[in-house]
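# Descriptive structure summary
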Amino acid sequence: MTGALIDAANVDQPGQLVVADPFTGGGVIALAALLRGHRVYAQDINLWAAQNLTTMLSLPEADRLEPAVDRLQTAVAHLLEAAYSTSFEDGTPATVAHTLRVAVKDCPKCCAAVRLFPSGIVSLTERVDQGGKVGWLACPSGHLQFGPADRRTRCRTCKRIIDPGARYTKGRKFHCRCGYSGRIWDAGKIRWTPILVERTTSGRREFGPPSAHELVAAADASWPNQRCLPSIMQGTETTVLRRYGMTRWDQVMPRRQNAIINALVDTIDSAAAGDKAVASALHAAVLGSVEMAGYLSRWDARYLKAYEAMANHRYNVTTLSAEPNVWGAPRSGRGTVGRRLAHLAKAGNWYAERLGRSPSVVGPLPAGQRRSNGSRTVDVRVVVGSSTRLLATSNSFDLVCTDPPYHDDVKYGELSEIFRAWAGLDTSRVDGEAVVSADAVDTDAYEATLTQAFLEMRRALKPDGHLVLSYANRDPMAWVALFSALQAAGFTAIGFQVVHAENDADHAKVNRRACNLDLILDLVVASDRPLEKFAAEGSQVRAEEDDFCRTMGKTALQIGSLDGQWREKLHRTVAAHPFVTRSKATT
């Protein structure tokens, strides 16, 4: 979609463009523009995002990266062997791919240890889309047994019924056989007990209870105390971590995982042998893997994979966690260091093939320094700082293509704290971030920040330039703030389109409140010249959400001439739309 938007702008403005994304985040827009031969300006308030974008767009080719990867793996081979070497039940050598742990709490009433399985099905032994119908199940009392996962059965230990679809910790509560029921975090400290291990070799996978050897390797007592990372501050998204007893960022994973990651970090410089681009790529892979933190990574029982600690843009502690093999194991291992490095090597070659050369990337540059257009020999300028001040000079952008923060939907700063803690960066809250806190909703500040950012974009745009942005939200205040900020900054909307956001293809977001469609707005600097406007045609797919987006689009076409009681009218329109009211009713 991003590439199509840039291509469309290129039709009206032929030749090489200067494409800017002042809310760059992961850098999808910057990459799409670079691969099309355009010059790029990318800015983000978050230093972690800016550093990683610089690394991703400066990747070395595989012949430089792969020897360093081999040196890195060799240097920690002894640790990997101690951490993950195992055998199948028949004695054949294998590698630990994942260690699944269940939360255990002592009942405040009867003092019994209660294993808090979140649901009746713990894990299939084969993916459901590959015919998996059997696996490991848990009864309401926490007893684990192997059996069919497509029908109700009876626990062989306590005779209670096991329903594979049952949810045992609904509402973050747990229940003891003695009759006690209460919130999980109100009943004392959590213990994490290994209950299943995924063992793999090439062509073979096995799930089973941990052996004595595997229990020793997984135990914190088997690994030295690791360096203390910064405290986890109270916040909208981090609150759940603190409720579950995690007060520092090193406490979100077992000591084994800590030890391997720290050993890799300590070895990177020697493995890179003085090649800065290679060292940056190694750091990106190793530090990026902390998103699979062993007490936060969630296990998909039916598809046999772990999800990131912030999947669906939330920290979500469940009571069944999945600690991955940090480096990765045969057949298994989303987000592991080895897999990340293999992808980076391929990406480095892909860049070279697509561009015919290595791109010239500078940054991250501080947004507060003197404004300039940069050298024409530079393909990408990466800037760090609030988008309320851009480093570019006036009338220098042909196209601003961006994805502004969605009001209070995603707390980007909080979600990046886990990475910044491991990277040794400042973990304090990002000052000036255009995101509303759900704890203290300040939409006025959100609107003011967006207005200043859009004023800067208008200043930096050429007179015939375009601002193209995508937006999705269910909050009436968010839409009012966006439209008001765009108009106050001097923009006029000339068109809109509704596009599929692909959230329903993400298993972590299916059946959740994530919007599946985005509204794309095309805006230009307000002027007296006549403007031809265009609107999206209706669709029979997702009719309710599509109608909502088109309703917002039609109102957006008035940006530049909104007057009177438009705020109140828009607020009522959004609040009363079935797409919004129905989502609230099902939350």
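Structure first, text after, so check above.
The shown structure was predicted, so the numbers you read here are calculated from the model rather than taken from an experiment.

What counts and what doesn't
Residues numbered from 1 in each chain as written. Predicted model: local features only at pLDDT ≥ 70, side-chain atom pairs only at ≥ 80, totals over all residues. Heavy atoms only, no water. Helix = DSSP H or I, 4+ residues; strand = E, 2+ residues; numbered from the N terminus. Rg over C-alpha atoms; globule rule 2.2 N^0.38 Å. Buried < 20%, exposed > 50% of the residue type's maximum accessible area, 1.4 Å probe, protein only. Contact = heavy atoms within 4.5 Å. Areas by Shrake-Rupley, 256 points an atom, 1.4 Å probe, with all protein chains shown as cover. Lys, Arg positive; Asp, Glu negative; His and termini not counted. Charge placed at Lys NZ, Arg CZ, Asp CG, Glu CD. Patch = residues over 30% accessible without salt bridge, like charges linked within 9 Å, V, L, I, M, F, W, Y side chains within 5 Å. Salt bridge = Lys/Arg side-chain N within 4 Å of Asp/Glu carboxyl O. 1 Å grid on protein atoms, 1.4 Å probe; cavity = no way out; pocket = protein on both sides within 12 Å on 5 of 7 lines; lining within 4 Å. Points joined across faces, edges and corners; volume = space filled by probe spheres on them. Nonpolar A, V, L, I, M, F, W, Y, C, P; charged D, E, K, R; others polar. Pairing = 2+ DSSP bridges. Axes fitted to C-alpha atoms, helices over the stretch in contact; angles between N-to-C directions.

## Digging into the overall build of the protein chain
For the protein chain, the count of helices and strands is 16 helices and 23 strands. Whereas a compact globule of 587 residues would reach a radius of gyration of roughly 25 Å, the protein chain reaches 26 Å, a difference of no more than 12%. For the protein chain, the C-alpha atoms occupy an extent of roughly 80 × 60 × 40 Å along the three principal directions. Residues classed as buried in the protein chain amount to 55% of the 587 residues present. Taking as baseline every contact in the protein chain between residues at least 6 positions apart, the subset at least 24 positions apart corresponds to 68%. As presented, the protein chain carries roughly 25000 Å² of accessible surface, and 49% of it is formed by carbon and sulfur atoms. Side chains of the protein chain give 70 positive and 62 negative charges; the mean places of these two sets differ by 7 Å.

## Topic: a negative patch on the surface
Together, Glu 61, Asp 63, Glu 66, Asp 70 and Glu 353 line one region of the surface with negative charge. No other element matches the three residues that helix α4 (residues 62–75) contributes to the negative patch. As for its position among the elements, Asp 63 is in helix α4.

## Points about the layout of surface pockets
A volume near 500 Å³ is recorded for the second largest pocket. Lys 189, Asp 220, Gly 245, Gln 251 and Tyr 295 are the residues nearest the centre of the second largest pocket, which is lined by 22 residues in total. For the lining of the second largest pocket, the secondary-structure elements that each account for two or more residues are β13 (191–201) and α8 (255–272). In terms of residue class, the lining of the second largest pocket is made up of eight nonpolar, six polar and eight charged.

## Here's the deal with helix α2 (residues 28–35)
Burial analysis of α2 places six of its eight residues in the buried class, which makes it a mostly covered element. All buried positions along α2 are accounted for by Ile 29, Ala 30, Ala 32, Ala 33, Leu 34 and Leu 35.

## Concerning the sheet that holds strand β7 (residues 134–138)
Strand order in the open sheet formed by three strands is β6-β7-β8, with antiparallel pairing between adjacent strands. Of all the strands in the sheet, just β6 (121–124) and β8 (144–148) have a single pairing partner and so form its edges. With strand direction ignored, the average angle separating the axes of adjacent strands in the sheet is 30°. With three bridges connecting them, β6 and β7 associate as antiparallel partners. Counterpart to Leu 124 in the pairing with β7 is Gly 135.

## Here's the deal with the pattern of salt bridges
One pass over the full model with this rule turns up 24 salt bridges. Taking the shortest distance from any N to any O, the salt bridge between Arg 191 and Asp 106 comes out at 3.2 Å. Residue Arg 191 is found in strand β13, and its partner Asp 106 is found in strand β4 (residues 93–106); the two are separated by 85 residues along the sequence. Here Arg 191 falls in the partly exposed class, since its relative accessible area comes to 36%. Look at the salt bridges and you will find they share partners, linking Asp 90, Arg 199, Arg 204, Glu 206 and Glu 214 into a network.

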